[in-house]
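Chain and residue survey
Next come the chains, spelled out residue by residue.
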Amino acid sequence: MDNYLLTIILALPIAGVAALLVLGRGDHEGALERKTLLKWTALLFALATFAVSLALPIMFDSAGGLQFQTNVPWITAFKLGVHYHVAIDGLSLWLVLLTTLLTPVALISSWNSIHHRLREFLISMLALETGMIGVFVAMDMFVFYLFWEVMLVPMYFLIGVWGGERRIYAAIKFVIYTVVGSLVMLAGIIALYYLHGQATGNFTFDIETITKAMQARPFLSSVEQDWLFWAFALAFLIKVPLFPFHTWLPDAHVEAPTAGSVILAGVLLKMGTYGLMRFNLPIFPEASQHYAALISALAVVGIIYGALVAMVQPDLKKLVAYSSVSHLGFVVLGIFSFTDQGLQGALYQMLNHGISTGALFMIVGMIYDRRHTRLIAEFGGLANVMPVFSALFLVVTLSSIALPLMNGFVGEFLVLVGTFTSPTLPSARLFTALAATGMILSAVYMLWMYQRVIMGETRNEENLKLADLNVRERLALAPIIVLIFLMGIYPGPFLSRSDAATRAIRARVNHAQAPARANEAGEQGSRGAGEQGSSHASRTGMKK
């Protein structure tokens, strides 16, 4: 079963899609029972996927390496060397769990929000889940790219069909940005495939094989590494999104339905940072070191810029969207610190952001379903009429600003420590100091937003009629609240399973630097010996 567990996890949502196709549309008049059946069918398949995925951390060996592997030839024509190779390691383990958790949570949170084309909406959600899981488990570049593109289609429909008034604009903008990056990455994949095959005689798309080949005997020149580094990095940085590639994100978040925003913030954005850790650092370590200062500077700009723009947003959803730009800057900064703490913190912060920001979008969706507005000025005094909602909103808000004993604190603290102690990142301490201001600014805009929405007098009479959270909404938020405290108080089980993978990446980058440092030391030693010889000769001549 170990060899087929990931395939089962990938197949379950697709089986749910097939079941929904058989059940029929359910949109015609008097089809309430059929709509309920469609919802429960999608939810049960999503829950089954999550239940099966729970076996992954239980059976996972913390010693590291690829696990739960399935590697069989797929496309053998023309000796292309395409394999169906899926596996997980410490990098992808928790991201797979995050995906399988947030999908049923998103379905529950939008239970009564979708009123037309319900079957198509549920199909898009389950197909999207398979695409996202596939990105995290694919260990063949061809399969990785296939899932990367498959994920794009259902998200386009989620925004374009079930989004807000400007949904078409937001959906097309999302697709254009993503496709541009994807096409550049495709060119990089083909070039890497060809250069590896030409150098080794083994034409393969296998990520592990190419990574080991680059480690044992690098087959790429510095110029080739630079070009290929940016071919992959551009696609990933757009997906993060890192400043200045972030402009598609606020529109996509604001126009997407609640479930789409939860998945977009919770999982899709992590594909970019995951790609940097899976491809750029291990395969192009010299280029990663060379451009670390540039990318770290952009990350710091994104942290501060996202926080400042979020502070002045009048729309709740847009405020949370810009907060994502700020928080994910911490992830990128930790990745390019090339330290154990920074890499672990970056990976942990991916999970934290998915949980906390996903919950924020659910909370915004819950209040929007009641008032049909997201303007902060329309609220105030909700604690008087919605005490449970206000209490849970406060927990998620404090998690987002990285309060100690909550999940956000662990990730951001590790990132800052890792960046501050980085021996290779230029201006590391300056970057750390500037990034720390982002934590202060996040407290400003989040607590100010909470004060205006929840505290004070109930100024608008319509708010007096609002109902507190029902049982379904509380169940949707319950696992998120539990994880916020669990990951903040006891992060050990999460960090221990990813430790070996992050250490391997750090060692890979340092290994690539060792020859350069040795050559530099040799040159300095030669210059020193020459200077000593020259000085000795001068002293001898003066004595004579």
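Further up the page is the structure itself.
Below or above, wherever it landed, is the structure these notes cover. (Residues numbered from 1 in each chain as written. Predicted model: local features only at pLDDT ≥ 70, side-chain atom pairs only at ≥ 80, totals over all residues. Heavy atoms only, no water.)

1. What about the overall build of the chain?
Stated precisely, the cut-off is as follows: We count a stretch as a helix when DSSP gives it H or I for four or more residues in a row; a strand needs E for two or more, and each element gets its number in order from the N terminus. Values of the radius of gyration come from C-alpha atoms, whereas the globule rule sets the reference at 2.2 Å times the count of residues to the power 0.38. Burial classes: relative accessible area under 20% of the type maximum marks a residue as buried, over 50% as exposed, and values in between as partly exposed (1.4 Å probe, protein chains only). All accessibility values rest on the Shrake-Rupley procedure with a 1.4 Å probe; residue burial counts only the protein chains present in the view.
Across its full length, the chain carries 20 helices and two strands. Relative to the 2.2 N^0.38 estimate, which gives 24 Å for 544 residues, the radius of gyration of the chain is 25 Å and therefore close to what a compact globule would have. By its C-alpha atoms, the chain is 110 × 60 × 40 Å across when sized along the principal axes. Counting every position in the chain, which comprises 544 residues, the buried fraction comes to 58%. Counting every atom, the chain has about 21,300 Å² of accessible surface; 66% of that belongs to carbon and sulfur.

2. A few points about the pattern of salt bridges
Filter applied, for reference: Salt bridges, as used here, are contacts in which a Lys or Arg side-chain nitrogen is within 4 Å of a carboxyl oxygen on Asp or Glu.
Applying the stated rule across the entire model yields 12 salt bridges. Notably, a salt bridge pairs arginine 166 with aspartate 251, separated by 3.5 Å at the nearest N-O pair. Remark: aspartate 251 occurs in helix H10 (residues 248-255) and arginine 166 occurs in the loop between helix H6 (141-162) and helix H7 (167-200); sequence separation between them is 85 residues. Residue classification places arginine 166 among the partly exposed positions, given a relative accessible area of 42%. Since its relative accessible area comes to 12%, aspartate 251 is described here as buried. Between arginine 371 and glutamate 378 there is a salt bridge, with the nearest N and O atoms lying 3.3 Å from each other. Residue classification places glutamate 378 among the partly exposed positions, given a relative accessible area of 28%.

3. Regarding the environment of tryptophan 94
Stated precisely, the cut-off is as follows: When checking whether two residues touch, look at their non-hydrogen atoms; a contact exists if any pair is within 4.5 Å.
Position of tryptophan 94 relative to the elements: it lies in helix H4 (residues 93-109). By relative accessible area, tryptophan 94 is classed as buried at 13%. As for tryptophan 94 and leucine 347, which are separated by 253 residues in sequence, their C-alpha atoms are 9.0 Å apart. Not counting residues within four places of it along the chain, the set of residues in contact with tryptophan 94 comprises Pro57, Leu351, Pro493, Phe494 and Arg497.

4. Things to note about the side chain of threonine 41
You can see threonine 41 is positioned in helix H2 (residues 32-53). Accessibility expressed as a relative area gives 12% for threonine 41, which makes it buried. With near-sequence residues (within four places) excluded, threonine 41 lies in contact with Ala19, Leu20 and Leu23.

5. With respect to helix H8 (residues 207-216)
Inclusion rule: Each C-beta atom gives one direction from the helix axis, and the arc is the one those directions make. As used in this structure description, the phrase polar contact means that two N or O atoms lie within 3.5 Å; if the pair is within protein, one of them must be able to donate a hydrogen and the other to accept it, and residues adjacent in sequence are counted only when both atoms belong to side chains.
Residues of H8 that are buried: Ile207, Ile210, Thr211, Ala213 and Met214. Along the axis of H8, the buried positions cluster into a sector of 160 degrees, meaning they face one direction only. Seen from the open side of H8, the exposed residues pointing more than 90 degrees away from its buried face are Lys212 and Ala216. Sitting at the head of H8, aspartate 206 places a side-chain oxygen 3.3 Å from the backbone nitrogen of glutamate 208.

6. Observations concerning the pairing of strand E1 (residues 67-75)
On a regular strand, each side chain points to the face opposite its neighbour's, so the side chains alternate between the two faces of the sheet. What counts here: Strands qualify as paired when DSSP identifies two bridges or more between them.
As paired elements, E1 and strand E2 (residues 82-88) share six bridges and run antiparallel to each other. Looking across to E2, one finds that threonine 70 is bridged to valine 86. Between E1 and E2, which pair antiparallel and follow one another directly, the connecting turn spans six residues, one of which, phenylalanine 78, has a positive phi of 60 degrees.

7. Notes on the packing of H4 against helix H11 (residues 258-283)
Axis angle and axis distance: for two packed helices, these are the angle between their axes and the distance between the axes, and together they describe the pair. Defined as follows: In this analysis, axes come from line fits to C-alpha atoms, helices being fitted only over the stretch in contact, and the angle between any two N-to-C directions falls in the range 0 to 180 degrees. Every angle not falling under 35 degrees, over 145, or within 65 to 115 is termed oblique; those three ranges are roughly parallel, roughly antiparallel and roughly perpendicular. Two helices crossing with the near one rotated counterclockwise from the far one by less than a right angle form a left-handed crossing, whereas a clockwise rotation gives a right-handed crossing. For this classification, the nonpolar set comprises Ala, Val, Leu, Ile, Met, Phe, Trp, Tyr, Cys and Pro, the charged set comprises Asp, Glu, Lys and Arg, and every other residue, Gly included, is treated as polar.
The geometry of H4 relative to H11 is characterised by a closest axis approach of 8 Å and an angle of 165 degrees between their N-to-C directions. Comparing their axes, H11 and H4 come out roughly antiparallel. When you trace H4 past H11, the crossing you get is left-handed. Of the residues in H11, those in contact with Leu95, Leu98, Thr99, Leu102, Thr103, Ala106 and Ser109 of H4 are Thr258, Ala259, Val262, Ile263, Gly266, Val267, Lys270 and Tyr274. Grouping the amino acids of the contact of H4 with H11 by side-chain chemistry returns nine nonpolar, five polar and one charged.

8. Focus: helix H15 (residues 340-371)
Our working definition: Every helix has an expected span of 1.5 Å times one less than the residues it contains.
The terminal C-alpha atoms of H15, which comprises 32 residues, lie 46 Å apart, in line with the 46 Å expected from a rise of 1.5 Å per residue. Of all 32 residues in H15, 28 are buried; the element is thus mostly enclosed. The positive-phi residue at the C-terminal boundary of H15 is histidine 372, with phi of around 55 degrees.

9. Some points on the environment of glutamine 313
Along the chain, glutamine 313 turns up in the loop between helix H13 (292-311) and helix H14 (316-335). Setting aside residues no more than four positions away along its own chain, glutamine 313 makes contact with Lys318, Leu319, Tyr322 and Ile376. Within the local environment of glutamine 313, its side chain forms a polar contact with the backbone oxygen of valine 309, the two atoms lying 3.1 Å apart.

10. Regarding a nonpolar patch on the surface
Stated formally: A patch consists of residues exposed above 30% relative accessible area that lack any salt bridge, with like charges linked at up to 9 Å and nonpolar side chains (Val, Leu, Ile, Met, Phe, Trp, Tyr) linked at up to 5 Å.
A cluster of nonpolar side chains, Leu405, Val482, Phe485, Leu486, Ile489 and Tyr490, forms an exposed patch at the surface whose accessible area comes to about 600 Å². Residue classification places leucine 486 among the partly exposed residues on the basis of a relative accessible area of 38%.

11. Side note on the nonpolar core
Note that soluble globular proteins tend to have their nonpolar side chains buried in a common cluster. To keep things clear, this is the line we draw: The criterion is simple. A nonpolar core is a set of buried Ala, Val, Leu, Ile, Met, Phe, Trp, Tyr and Cys residues joined through side-chain atoms within 4.5 Å.
Core analysis: the largest hydrophobic core is formed by 187 residues, its most contacted members being Leu56, Leu192, Leu268, Ile335 and Phe336. Sequence-distant contacts of isoleucine 335, defined by excluding residues within four places in its chain, comprise Thr273, Leu276, Met277, Leu281, Gly342, Leu343, Ala346 and Met350.

12. Points about unusual backbone geometry
Proline 241 follows valine 240 through a cis peptide bond whose omega is -10 degrees. Mapping proline 241 onto the fold places it in the loop between helix H9 (222-239) and H10. Here the amide bond leading from phenylalanine 243 into proline 244 is cis, since omega sits at 10 degrees, within 30 degrees of zero. Mapped onto the elements of the fold, proline 244 is located in the loop between H9 and H10. Despite not being glycine, histidine 372 shows a phi value in the positive range, around 55 degrees. One can find histidine 372 in the loop between H15 and helix H16 (387-400).

13. Overview of the environment of leucine 32
Relative to the helices and strands, leucine 32 resides in helix H2. For the pair leucine 32 and valine 180, spaced 148 residues apart in sequence, the C-alpha separation works out to 42 Å.

14. A short note on the packing of H4 against helix H5 (residues 118-137)
Contact geometry of H4 with H5 gives a least axis separation of 9 Å together with a crossing angle of 170 degrees. The orientation of H4 with respect to H5, classified from their angle, is roughly antiparallel. Along the contact surface, H4 presents Leu95, Val96, Thr99, Thr100, Thr103, Ala106 and Leu107, while H5 presents Leu122, Met125, Glu129, Met132, Ile133, Phe136 and Val137.

15. Regarding the side chain of histidine 353
By secondary structure assignment, the location of histidine 353 is in helix H15. For histidine 353, a relative accessible area of 3% gives the class buried. Apart from the residues lying within four places of it in its own chain, the contact partners of histidine 353 are Ala265, Leu269, Lys270, Ser324, His327, Leu328 and Gly358.

16. Some thoughts on the packing of aromatic side chains
Going by this rule: Pairing of aromatic rings covers Phe, Tyr and Trp, the last through its six-membered ring, and needs centres within 6.5 Å; plane angles under 30 degrees mean stacked, over 60 mean edge-to-face, and all others mean tilted.
Under the definition given, this model contains 27 aromatic pairs. Ring centres of phenylalanine 229 and tyrosine 291 lie 5.7 Å apart, and the angle between their planes is 20 degrees; this geometry places the pair in the stacked category. Note that phenylalanine 229 is positioned in helix H9 and tyrosine 291 in the loop between helix H12 (285-290) and H13, a separation of 62 residues in sequence. On the basis of an interplanar angle of 70 degrees and a centroid distance of 5.4 Å, the ring pair of phenylalanine 393 and tyrosine 450 is categorised as edge-to-face. In this pair, phenylalanine 393 sits in helix H16 while tyrosine 450 sits in helix H18 (residues 428-454), placing the two residues 57 residues apart along the sequence. For tyrosine 450, a relative accessible area of 9% gives the class buried. These aromatic residues form a ring-pair network of at least three members: Phe144, Trp148, Phe232, Phe236, Phe279 and Phe284.

Without other data, these values stay purely geometric and don't point to any function.
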